[in-house]
Every structure is written in structure tokens, then in C-alpha cells.
Amino acid sequence: MSAEKLTLGLKRNPAWKPNGPMDYARSARKWNIAPTEQTMFYVHEKTLMRRSEDHQKEQEEGTTEGAALISTGNGSVSGTKVPANDVQNDLEYVVPVAIGTPPVITNLDFDTGSSDLWVWSSLLPSNVDKSAHNVYDPTKSSTAKEKSGLTWRITYGDGSSARGLVYSDTIILGGNLSVPNQAIEAANNLSRQFLGENASDGLLGLAFPVINTIAPTQQATPVENMINGKLLSKPIFTAKLDKGDSEGFYTFGYIDESVTTNPITYATIDPSNGFWEFSSPTFTIGGKVHKRALSNNTAIADTGTTLILVDDAACKAIYGSIPGAKLDRSQGGWVIPKTVDPSSLPDIGFSVEGTTYTIPGSDLIFAAGSHGTYFGSIQSRGQNPQDILGDVFLKRVYAIFDQTTGAPRIGFAQR
């Protein structure tokens, strides 16, 4: 069944609250961040670490026991292991997706930074508490077929993982777009980090299939199946993320022209890494243009990351423009003093090829901190080569993801 204008509304999680250090830790885990001088959370030897406040002081006081000394390339940092419950597990919003016949309505994290469709399933051990989830049971679906010999495994930098078996089944989006024979990754084992995530029943990846984890043969993503099955009038999907107004949505197959009257500008995508990755050679602070430390700097648009992650030089320049802002190791990142009037904060822009899109300065305030500060929404990407433009950025644009075969591109319109 085709869908000329399929719109999927975002379902808000009323329990979600921004938590700077926990959201930063989650980002570090997902993107396997290696440390730099400004990285407060990072991954070392499959362990999520938090940088110690003062390694030199620890050495002088003899309190480095249990800490790990890690090279940053320009020196070294000391860190301690981050407990699993110190990582933000809640999601701000999910999207309902029906799976199987009869259908079970699962609430999934739509993630442009991954390419798997995995769900909580009846294959999980009996001692796993499933009461907070809508669980997919392939034995109760008349359209489910096990794909013999195929398995999947998602592993983050800290070693946390989800894995299981693969079934072919029907998914239904928005009540009217039916995608048959979709690979469904049914979890039979979840590490404790995943077991703590009660806001969703799994994940639906919207990145390119090259990073799909099914082995030994990768399987098509839902969007790829929609395109190949000619279920969409155009090979696109769009994202208008919720800004707290309960009006966020995704569309498939069309662009909602009512979102904004501002023009859409497109940039070429390099899908070789599997991500929606594009050139981003400059950033702006209060309208003033700054070149990036790397002339070939790129950025990834990721609905599965909350914060914005950029290189250390950009972080230093951005927060250096704010009186009293500082890198506070005790709080886990860059912070802004509450004595600063939010309306005085500079707008921050990021280039997408030749066009710059901005977030208002007030968006630099992500969450309440301690000691009279706010936790900043822009933090260090560590040694990772790409920026990550997460929800803080995406809430200020209308994003168009064009998956035309051989010519993928991404479009943004300011809103």
C-alpha cells in the first residue's frame, strides 16, 4: 500500500527531563568518544569513563587508585568508571510502529545515526522484567518467519550490547503504510544498560544500510524497503522535531510545505560511513564566521543524540565568548553561569556546505547545573572526526533526508 503523505507524530515521554552529564555520557557511549583535554566523558577499553577533576592533585594526594590514565594525544587524563545508572536512559520522544499480524504496537526510537530495527521480544529470558514494554512475540504473528542463520548485535563503545535473532515480518506505519518482509531484530539478550531503558521498546534506524549489524548478510532498512517497494511517492523522509509544543513529526514520501516558509537548501551526503554526513567548514558566534580547525570538517545529523558535539577549538571559542562560562570537570562539561541573561547569549551557527543554520543563544542552556550554573548544550566530540548535530540543532530546522539511489542529499530549512 502506497502512502502519498504519511505523517507520524512524535509521542512525548512525560518522564524525560534534560540532564547534562547523563546525556553527555550517553552520547560518549554511543559514539565511542576517545578523550581530549575537554572531554569529560569518554570510552577507554570498552569502559565508559568520567574524567577526574584534577589528575595532578590526585597524584599529589595519592588518590589515583582505581583511576585510569589515558593519553589524549596532547597529554593525558585520569578517569573513573561511570556506573550504568549515571547514563541518561530516557528518551524525549518515540514513534509508535505496528509489527506483526495481529499487530503489536511498539514505541520505537527513530534514529538517523543507526540502521537496525530491533525490538524487545518474547525471546528474552523469563527473569527479565518486560512489564514496561510492548513485546514482540514472533510465535503469535502469522506473518513472522525466522530468517535462519542470521543474527544481530549492536555494541556501543562501553561494551553495552543488544543482540538476538532475525525474523521477517510486516510493519505498519501510521496505520496505513504496510511494509512486508521487513527484517525484525528480536532481542534475546540485553545488557543492563539497555534493560534500564523503559521509554522505548526498541529502535528503528534511519541511516544507510551499510552499518546494519545483521550477519552474515546485512538486511534492508525500513526506508530502503519502502523505496524499493515503490511505497513512497519520493525516496525521502523528513523530521520536524518537537520543541516542547507536542507538534513534532516525521513524514515519509513528501515534504510538508507548511512547516516553514524559509527556503530548503540541500547538501551532498557522503554515505560511505553509513551516516547522514555532510561538509561543515565553518561555524558562527553571534554572526561572526569562524573557520573550523580542519578544513575538511564534516558533521552528522543524528536524531538519536540529544546534544551538539564539536571539536575542542570550537567549544573553546563558543564558551569563551560568554562571560564566566567555563569547563567544569566537577559537573562534567562546559557550563554557563546563571548570572548571565539568556537573552544576551550569542546565536550559534553551523554551516551545511555553504549555508549556515543557527540555534538561538538561549538554546546553549541545556539543563540546570550546580553551583549557580547551567549545563551547556554544546560539548566536546573528543577525538572523533565528525561533529554530531543532535536534537538541540535539529529542533531549530526542518530536516529533509533524500535517499535517492546514487545521489543522497540532506536539506535544511531554518525554523
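Residues numbered from 1 in each chain as written. Predicted model: local features only at pLDDT ≥ 70, side-chain atom pairs only at ≥ 80, totals over all residues. Heavy atoms only, no water.

Student: Before we go on, may I ask you to explain the sheet that holds strand β19 (residues 288-291) in this structure?
Tutor: The strands that make up a sheet pair up through hydrogen bonds in the backbone, lying either parallel or antiparallel. Taken in spatial order, the four strands line up as β19-β18-β24-β25 in an open sheet, and their pairing is antiparallel. Two strands in the sheet have a free side with no partner beyond their single neighbour: β19 and β25 (355-359). Averaged over all adjacent pairs, the angle separating strand axes in this sheet is 30°, with direction ignored. Bridging between strand β18 (residues 282-285) and strand β24 (residues 348-352) involves three bridges; their strand directions are antiparallel. Paired with Thr284 across the strands is Gly349, a residue of β24. Set on the sheet, helix α5 (residues 312-320) makes contact with β18 and β24; between it and β18 the angle comes to about 15°. (Pairing = 2+ DSSP bridges. Helix = DSSP H or I, 4+ residues; strand = E, 2+ residues; numbered from the N terminus. Axes fitted to C-alpha atoms, helices over the stretch in contact; angles between N-to-C directions. Contact = heavy atoms within 4.5 Å.)

Student: Even after reading the chapter, I still don't get the nonpolar core, so can you show me in this structure?
Tutor: Taken as a class, soluble globular proteins show a tendency for nonpolar side chains to be buried jointly. Ranked by internal contacts, the top residues of the largest apolar core, which has 92 residues, are Phe110, Phe252, Phe278, Ile378, Phe393 and Phe412. Once you skip the residues sitting within four places of it in the chain, Phe393 turns out to touch Ile308, Phe350, Tyr357, Ile359 and Phe412. With 16 residues, the next largest nonpolar core counts Trp120, Val128, Ala162 and Phe194 among its residues. (Core = buried A, V, L, I, M, F, W, Y, C linked by side-chain atoms within 4.5 Å. Buried < 20%, exposed > 50% of the residue type's maximum accessible area, 1.4 Å probe, protein only.)

Student: How do you make sense of the sheet that holds strand β20 (residues 298-301) when you look at a structure like this?
Tutor: The mixed open sheet is built from five strands, whose spatial order is β17-β20-β29-β21-β28. Each having just a single partner strand, β17 (277-279) and β28 (378-380) make up the two edges of the open sheet. Strand after strand, the sheet turns through a mean of 30° between neighbouring axes, direction not considered. Strand contacts of α5: β21 (308-310) and β28, with the helix running at about 140° to β28, the strand carrying the most contacts.

Student: Before we go on, may I ask you to explain the environment of Asp270 in this structure?
Tutor: Turning to its location among the elements, Asp270 is positioned in the loop between β16 (265-268) and β17. Take Asp270: its relative accessible area is 38%, and that puts it in the partly exposed class. Setting aside chain neighbours within four positions, we find Asp270 in contact with Phe275 and Glu277. Within the structure, Asp270 has its side chain in polar contact with the side chain of Ser272 (distance 2.8 Å). (Polar contact = N/O pair within 3.5 Å; in protein donor to acceptor, adjacent residues only side chain to side chain.)

Student: Which parts of the structure should I look at to understand unusual backbone geometry?
Tutor: Negative phi values dominate among residues other than glycine, just as trans dominates among peptide bonds. A cis geometry characterises the amide bond from Thr101 onward to Pro102, with omega recorded as 0°. Tracing the chain through its elements places Pro102 in the loop between β7 (93-99) and β8 (104-111). Residue Pro216 is bonded to the preceding Ala215 through a cis peptide linkage, with omega at 0°. The topology assignment puts Pro216 in the loop between β13 (202-205) and α4 (222-228). Look at Asn32: it is not a glycine, yet its phi comes out positive at around 55°.

Student: How do you make sense of the pairing of strand β14 (residues 236-240) when you look at a structure like this?
Tutor: For a regular strand, the rule is simple: side chains alternate between the two faces of the sheet. For β14, the tally of buried residues reaches five of five residues, placing the bulk of the element in the interior. Burial of β14 is two-sided: the residues Ile236, Thr238 and Lys240 facing one way and the residues Phe237 and Ala239 facing the other way are all buried. When β14 meets strand β30 (residues 397-402), the two strands line up antiparallel, connected through four bridges. Of the residues in β30, the one forming a bridge with Ile236 is Asp402. Where β14 and strand β15 (residues 249-252) come together, four bridges link them in antiparallel fashion. Note on β15: the bridge partner recorded for Ala239 is Tyr250.

Student: Just checking my understanding: could you explain the pattern of salt bridges for this structure?
Tutor: Oppositely charged side chains can form a pair if their charged atoms are brought close together. Enumeration over the complete set of coordinates arrives at 13 salt bridges. Among the salt bridges present, the one from Asp302 reaches Lys30, with a minimum N-O distance of 2.9 Å. Taken together, the residues span a long stretch of sequence, with Asp302 in the loop between β20 and β21 and Lys30 in helix α1 (residues 20-31) at a distance of 272 residues. Given a relative accessible area of 0%, Asp302 falls into the buried group. Residue Lys30 is classed as buried on the basis of its relative accessible area of 16%. Asp402 is the partner of Arg409 in a salt bridge, and the nearest nitrogen-oxygen pair spans 3.0 Å. For Arg409, a relative accessible area of 34% translates into the label partly exposed. Residue class for Asp402 comes out buried when judged on its relative accessible area of 7%. (Salt bridge = Lys/Arg side-chain N within 4 Å of Asp/Glu carboxyl O.)

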